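# An overview of the molecular structure
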Amino acid sequence: MLIELTAVNKYYQNGENRFQVLQDINLKIAAGEFLTIMGPSGAGKTSLINLIGFIDRSYLGSYKFNGQSYQTASDSALAHIRNQSVGFVFQNFKLIGNNTILENVELPLLYGGMTKKKARPIVERALERVGLPNSSQKIPNELSGGQQQRVAIARALVHQPKFIIADEPTGALDSKTSSEIMQIFKELNQTEQTTIVLVTHDPQVSQYGERLIKLLDGAIIADEEVKHHALL
Amino acid sequence: MRFSEIWSTALRSILKNKRRSILTMLGIIIGIASVVTILAIGDGFSNWVTKSITNNKAGKVETQIVYSPNETANSSADSYNDRDLMLVRQVTGIAKVRQTSEDSDYNQIALPVKTKNKNVLIHYTSHASSPVIAGRRLTTTDNAIGNQVAVIDASLAKSLYGGATNALHHGVPIDNQLYEIVGVRSAVSSSVNFSDAVNGTVPANITIPKKVHQKFTQNTASGDLLVLSLRKGAKASTVNRRVINVLKAQGSMRNQGEYQSADPAAEADTFGKILSVITYFITAVAGISLFIAGIGVMNMMYISVAERTTEIGIRRAMGARQHDIRLQFLLESATLTIFGGLIGYGLGVLLAVAISALPMMPFQASFSFGAFALAFGVSTAVGLIFGVMPANAAARKDLIEIIR
Ligand SMILES: Nc1ncnc2c1ncn2[C@@H]1O[C@H](COP(=O)(O)OP(=O)(O)O)[C@@H](O)[C@H]1O
Ligand SMILES: [Mg+2]
C-alpha cells in the first residue's frame, strides 16, 4: 500500500483550548488511485493532506508511506522524501513571482541534486505536457490563472513523484478553466498511473476522480466510488 | 540542491532587486574604498621612504647627529673630541662614524683686486693646507685656536701685492674681515696639483681656517655633523636616539650646546606620523562605516526574508532542507557585500591614483595583493556575519504556517 493511515488524530493547540482537527482517520490509498477529498471549509482537508505530503508530522496514530513511518524523521529526511515522492499543487498556485516559469518548474529537480543544464529539457517537456510550450522564460504575472495552475501542475509532475497532492487546485478558477485543469489531472492519472489526491469542495470537480472521501469536522463520513455522470 | 545552483539562485535574487541591492552595498563600498585608498597611499609612502633612505652610495642607511652650541659657548672648541667619537662608535647598530661639517668647504667670493672685483675660489679647512712657496702653511692649530690667517695662491699674491713675498703679512679682506697672509702657494690656474688631488682637496685661490670663517659668518654657528652609517637591520630613529642619549650624558660639549638627530628621513618621519594618524582615523571611520553597512545588510536581509516567506515555503515544499534555505540567504548577503567590496576596491584604486597625481604628493600609491585580499576578506566577513541571523530566521520558518 502506497499510503496507509491508521487511527490518525490531530489536534491544534489554541492557547488553552485543544482543537481536534482530525478524528480517528483510517485511510488506505493504493498506487495509481485518483482520490478526491470533499468537505466544507474547516473540515480538516488541508490538515489531512499536509500530513500525507510530509509537511506536517505532529499527529497521533500511524502514517505509513510504502510501509515506512516518517513521523520521527529529521527535517532533512523529510525534505528528501517530499522531494522524491510528492508533487504539490496549491489553490493559489504558489509560484515564485519574480522567477521565470523555468526557474519555478525546475525547483524539484534542482533540490533533487540535478544541474540547471540537465533540468532544462525535462522542464520544457513537462511544460509541453500541460499545454504550455515555449513559455519557460515568462514570469508568472504574464500568465492567466489557468496557465499559472498549469505551470504549478508541471512543477508537481516534473520530477515524477510517487503521488501528487492538489489542494483545491480549481478554487481560484472559472468553471471552464477548471474543467481544463481537471482534464490534465485525469489524463495524467489514466496515461501514467500517477497517484492523485485532490481536495475540492466543488461537486463537479469530484466527478473526475475514481474514489471520493467526504470529511466533516475532521472525520471521514463517506468513502465511495464515484458514479460518473453524463457530463464527462 | 548543489552549491553552485544555490549560489546562482542567490545571485539572481540580488540582480532582481537592483536598486535595493545597490543602496545596501553603498556602506560597504564606502568603507572598503577608504581602506583601500589609505592602504595604497601608505604602501606607496613606505616604499618611497625605504627607497630614499637607502639611496646612499654604499647602499647602507646613514643618519646624522648635529651639534649646535648655544650662544654663550666658546665656539672655537671642537664639537666632538676623540672620546665622543669612541662612545658613539660603541652604540649598538652603528657600523661607522664620520665627523664632517654641515656647510660646504668651498665658496666663490668676489674679491676687490685693484679697482675691479675678481671671482676667487675660497677653501675653508680645519686641516693643514697644501705646501707653500713662501711663508708657511695653515696648521690644525690655526683652526683650533682661531688664528685669523690665510694662504693665497701666487697669481692672486701677484695681482694684489706684486709678488709672493710682498704679500706676506699683508691683509686680505674676506667677508669684511681682514685675514693676515701667512703663506703663498703655487698658482692654481695652472694644472691641478698632484698632492692636492691625493688629499682630496681642490686647489683654491685662498685657504683660511674653517673655524675662523664660521665664527664670522654665523652668529649661531651650525655645529659639526656626525654621519652614522648603520648596520644592516638597525633602525635609524632608534640608533639616533641611543646616540643622543649617550652624548647628552657623556658628550664633551653637553653643557655648551645641544645634540640633535638630523635623520635624512626625518621629513619622511613627520610625514609618516601624519599619515599614520590619518590612517588610524580613516580606518576607524571605515570600521564604523562597515559596521553600519553590516547592520544595513542585516536589515535588508530581514526584510527580504519577510517578503519572501511564500518563496521559502514553496522551496521547502519542493524539497529544500533548512540547510538549503539558510545557505541561500547567507550566500545572498555575502554575494551582495562581496560585490560591494569589489566595487569599493575599484573605487579605492581610482581614488588613490587620483590622490597620488596631486602635485603635492611626492610618491605614487602602491597596490598590493594584501590590500585586495583584505578588501575581499572583510566584505565577505561582513556579509556572512550580518547575514547569519536573517538566514537562520529564514531556515527556521514553520512550513505548515507558510503553506496554510
Ligand atoms: N496551524 C493551525 N493552528 C490552529 N488551528 C488551525 C491550524 N491550521 C488549521 N487550523 C484550524 O483547523 C481547522 C481545519 O483547517 P483546514 O485543515 O485548513 O481545513 P480545510 O482545508 O478543510 O478548510 C480550521 O478550523 C482551522 O481554523
Ligand atoms: Mg484548506
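Look above for the structure.
Just so it is clear, the model here is predicted, and its values are computed rather than measured.

A few words on the overall build of chain A. Counting secondary structure elements, chain A contains 8 helices and 10 strands. Here chain A holds 232 residues, and 54% of them are scored as buried. When contacts within chain A are restricted to residue pairs at least 6 apart in sequence, those whose partners lie at least 24 apart make up 68%.

Residue and element names in this part refer to chain A. Reading across from one edge, β2-β1-β4-β5 is the order of the 4 strands in this open sheet, with antiparallel pairing throughout. The open sheet has two edge strands, β2 (17-29) and β5 (68-69), and neither has a second partner. In this sheet, β5 lies alongside strand β4 (residues 60-65) in antiparallel orientation, the contact comprising 2 bridges. For K64, the partnering residue across the bridge sits in β5 and is S69.

Each pocket or cavity is described by its volume, and for the second largest pocket that value is around 540 Å³. In this structure, the second largest pocket is lined by 25 residues; those nearest its centre are A:K45, A:T46, A:S47, A:D167 and B:R404. Elements represented by at least two residues in the lining of the second largest pocket include exactly β2, α1 (45-52), β6 (86-89) and β7 (163-167) of chain A together with α14 (399-403) of chain B. At 5 residues, α1(A) tops the list of elements feeding residues into the lining of the second largest pocket. Here the residues of the lining of the second largest pocket sort into 11 nonpolar, 9 polar and 5 charged.

Residue and element names in this part refer to chain A. What the rule picks out here adds up to 2 cavities of 30 Å³ or more. Approximately 60 Å³ is the volume found for the largest cavity. L51, F54, D56, R57, Y59, Y63, K64, F65, Q68, Y70, Q71 and L78 are the residues that line the largest cavity. Tallying contributions element by element places β4 first for the lining of the largest cavity, with 3 residues.

Moving on: the site of ligand 1. All names here are of chain A. Neighbouring ligand 1 are 14 residues; G42, G44, K45, T46 and S47 lie closest to it. At 2.8 Å, a backbone N or O of G42 approaches an oxygen atom of ligand 1. Note that an oxygen atom of ligand 1 is positioned 3.3 Å from one of the backbone N or O atoms of A43. The site holding ligand 1 turns out to be the second largest pocket. Partitioning the shell around ligand 1 into residue classes produces 5 nonpolar, 6 polar and 3 charged.

Another point: the interface of chain B and chain A. Listed as interface residues are 23 residues of chain B and, on the opposing side, 25 residues of chain A. Carbon and sulfur atoms supply 60% of the area that chain B and chain A bury against each other, a total of about 2400 Å² over both sides. There are 3 salt bridges connecting chain B and chain A. The tally of links between chain B and chain A comes to 11 residue pairs in polar contact (both at pLDDT 80 or more). The set of elements that each furnish at least two residues to the side of chain B that touches chain A consists of α1 (3-15), α11 (309-317), α12 (322-356) and α14 of chain B. Ranked by residue count, the leading element in the side of chain B that touches chain A is α11(B), at 6 residues. Here the residues of the side of chain B that touches chain A are counted per class, giving 9 nonpolar, 5 polar and 9 charged.

Residue and element names in this part refer to chain A. The residue N66 is not glycine, and still its phi comes out positive at about 50°. Its identity as a non-glycine residue notwithstanding, E168 has a phi of 45°, on the positive side. In this structure, E168 sits in the loop between β7 and α7 (175-192).

This part takes up the side chain of A:T170. All names here are of chain A. Of note, T170 is situated in the loop between β7 and α7. Look at T170 and you get buried, because its relative accessible area is 7%. Filtering out sequence-adjacent residues up to four positions away, T170 remains in contact with S178, I181, M182, T200 and V205.

Right, let's get into the packing of α1(B) against α12(B). Residue and element names in this part refer to chain B. Where α1 contacts α12, the two axes come as close as 8 Å, and the packing angle between them is 55°. Put simply, α1 runs oblique to α12. Two packed elements cross with a definite hand, and for α1 against α12 that hand is right-handed. Counted together, F3, I6, W7, T9, A10, L11, S13 and I14 of α1 and D324, L327, Q328, L331, E332, T335, L336 and F339 of α12 form the full contact between these two elements. Looking at the contact of α1 with α12 residue by residue, the class counts come to 10 nonpolar, 4 polar and 2 charged.

Residues and elements named next belong to chain A. Among the structural elements, D167 can be located in strand β7. Among buried Asp, Glu, Lys and Arg side chains, D167 stands out as unpaired, with K45 the closest opposite charge at 6.7 Å. Among the polar contacts listed, one links the side chain of D167 to the side chain of T46, at a separation of 2.9 Å. With residues up to four places along the chain from it excluded, the contact list for D167 reads T46, I49, V89, F90, Q91 and V199.

Turning to the packing of α11(B) against α12(B), a few remarks are in order. For any two helices packed against each other, one specifies the crossing angle of their axes together with the interaxial distance. All names here are of chain B. α12 packs onto α11 with a crossing angle of 140° between their chain directions and a minimal axis gap of 10 Å. It follows from the interaxial angle that α11 and α12 lie oblique. In terms of crossing hand, the pair formed by α11 and α12 is right-handed. Listed contacts from α12 to E311, I312, R315 and R316 of α11 are Q322, I325, Q328 and F329. Broken down by class, the residue content of the contact of α11 with α12 amounts to 3 nonpolar, 2 polar and 3 charged.

Conventions used here
- Residues numbered from 1 in each chain as written.
- Chains lettered and ligands numbered in written order.
- Predicted model: local features only at pLDDT ≥ 70, side-chain atom pairs only at ≥ 80, totals over all residues.
- Heavy atoms only, no water.
- Helix = DSSP H or I, 4+ residues; strand = E, 2+ residues; numbered from the N terminus.
- Buried < 20%, exposed > 50% of the residue type's maximum accessible area, 1.4 Å probe, protein only.
- Contact = heavy atoms within 4.5 Å.
- Pairing = 2+ DSSP bridges.
- 1 Å grid on protein atoms, 1.4 Å probe; cavity = no way out; pocket = protein on both sides within 12 Å on 5 of 7 lines; lining within 4 Å.
- Points joined across faces, edges and corners; volume = space filled by probe spheres on them.
- Nonpolar A, V, L, I, M, F, W, Y, C, P; charged D, E, K, R; others polar.
- Near = heavy atom within 4 Å.
- Polar contact = N/O pair within 3.5 Å; in protein donor to acceptor, adjacent residues only side chain to side chain.
- Sits in = over half its atoms within 2 Å of the grid points.
- Buried area = accessible area lost by both parts, 1.4 Å probe.
- Salt bridge = Lys/Arg side-chain N within 4 Å of Asp/Glu carboxyl O.
- Axes fitted to C-alpha atoms, helices over the stretch in contact; angles between N-to-C directions.
- Parallel < 35°, antiparallel > 145°, perpendicular 65-115°, else oblique.
- Left-handed = near helix turned anticlockwise from the far one by under 90°.
- Lys, Arg positive; Asp, Glu negative; His and termini not counted.

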